[in-house]
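Listed below, chain by chain, are the residues.
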Amino acid sequence: MKIVSLASAEEQKKEQMASPDGDRVSKEFHTQVRVIYADTDKMGIVYHARYLEYFETARNELLREIGFPYKFLEGQEINLPIIEAHLKYFRPAQYDDLLTVKTQVFQEAGKLLRFKIACSVYCEDNLLASGFTVHIVSNSQGRPIRPPKDLYHSLLSKLFEG
């Protein structure tokens, strides 16, 4: 079966990690994910909602790589709930594809405690999907908080300066 992209190459380039003006942008992190059979639907392609799970895997690995795994943050009673998610699909992934999820963190200008995490999913250099999730920092009861300053500055330095 030949899959034809619905978006032009120019549209795909615009979607790849575009940085809104004024935002701080982290370095790019890469995570590989193998498509398992359970990820596919009756048509043999990855079910659309699975891409959000791939984004979550990439976020977890990014935080682990910079020394702040979710488990550590939760131990500090800090959560990063998603308050917005957006996806755009270009081509489907299929069973056994090895995907690369490229992830960057954007600290939105003027929003001290709000982060946008952009992800793009590739298979053999072909852009399959791109999107973002927006997170706030909350306590274990779900209330927005300011994290401890030392922890927050350490996290920022590893994301944006390291």
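Above this text you will find the structure in question.
These lines cover the structure that appears in this document, whether it is placed above or below. (Residues numbered from 1 in each chain as written. Predicted model: local features only at pLDDT ≥ 70, side-chain atom pairs only at ≥ 80, totals over all residues. Heavy atoms only, no water.)

1. With respect to the packing of aromatic side chains
Scanning the entire structure with this criterion turns up four aromatic pairs. Between Tyr51 and Tyr89, the ring centres sit 5.4 Å apart and the planes meet at 70°, which makes this aromatic pair edge-to-face. Separated by 38 residues along the polypeptide, Tyr51 in helix 2 (residues 50–65) and Tyr89 in strand 3 (residues 82–89) bring together distant segments of the chain. What makes Tyr89 partly exposed here is its relative accessible area of 34%. Members of the aromatic cluster, connected to one another through ring pairs, are Tyr51, Tyr54 and Tyr89. A cation over an aromatic ring shows up here: Lys102 above the ring of Tyr122, its NZ or CZ 4.2 Å from the ring centre. (Phe/Tyr/Trp six-rings, centres within 6.5 Å; stacked < 30°, edge-to-face > 60°. Helix = DSSP H or I, 4+ residues; strand = E, 2+ residues; numbered from the N terminus. Buried < 20%, exposed > 50% of the residue type's maximum accessible area, 1.4 Å probe, protein only. Lys NZ or Arg CZ within 6 Å of the ring centre and 35° of its normal.)

2. Side note on helix 4 (residues 149–160)
Helix length check: helix 4 (12 residues) gives 16 Å between terminal C-alpha atoms against 16 Å at 1.5 Å per residue, within 8%. Taken together, the buried positions of helix 4 are occupied by Leu151, Tyr152, Leu155, Leu156, Leu159 and Phe160. Buried residues of helix 4, seen end-on, are gathered within an arc of 135° and therefore sit on one face of the element. (Expected span 1.5 Å × (residues − 1). Arc of directions from axis to C-beta.)

3. Points about the environment of Val46
Along the polypeptide, Val46 turns up in the loop between strand 2 (29–34) and helix 2. Along the primary structure Val46 and Ile36 are separated by 10 residues, whereas in three dimensions their C-alpha atoms are 9.0 Å apart. Non-local contacts of Val46, meaning those with residues more than four positions away in its chain, are made with Val35, Asp39, Thr40, Tyr51, Tyr54, Ala93 and Gln94. (Contact = heavy atoms within 4.5 Å.)

4. A look at the nonpolar core
Formed by 33 residues in total, the largest nonpolar core has its most connected members in Tyr51, Tyr54, Ile66, Leu99 and Leu159. Those elements giving two or more residues to this core turn out to be strand 2, helix 2, helix 3 (70–75), strand 4 (98–107), strand 5 (114–123), strand 6 (126–136) and helix 4. (Core = buried A, V, L, I, M, F, W, Y, C linked by side-chain atoms within 4.5 Å.)

5. Description of unusual backbone geometry
Of note, the phi angle at Asp96 is positive, near 75°, even though the residue is not glycine. Looking at the secondary structure, you find Asp96 in the loop between strand 3 and strand 4. Positive phi, normally seen in glycine, also occurs at Asp125, with a value near 65°. Structurally, the position occupied by Asp125 is in the loop between strand 5 and strand 6. Judged by its relative accessible area of 72%, Asp125 is exposed.

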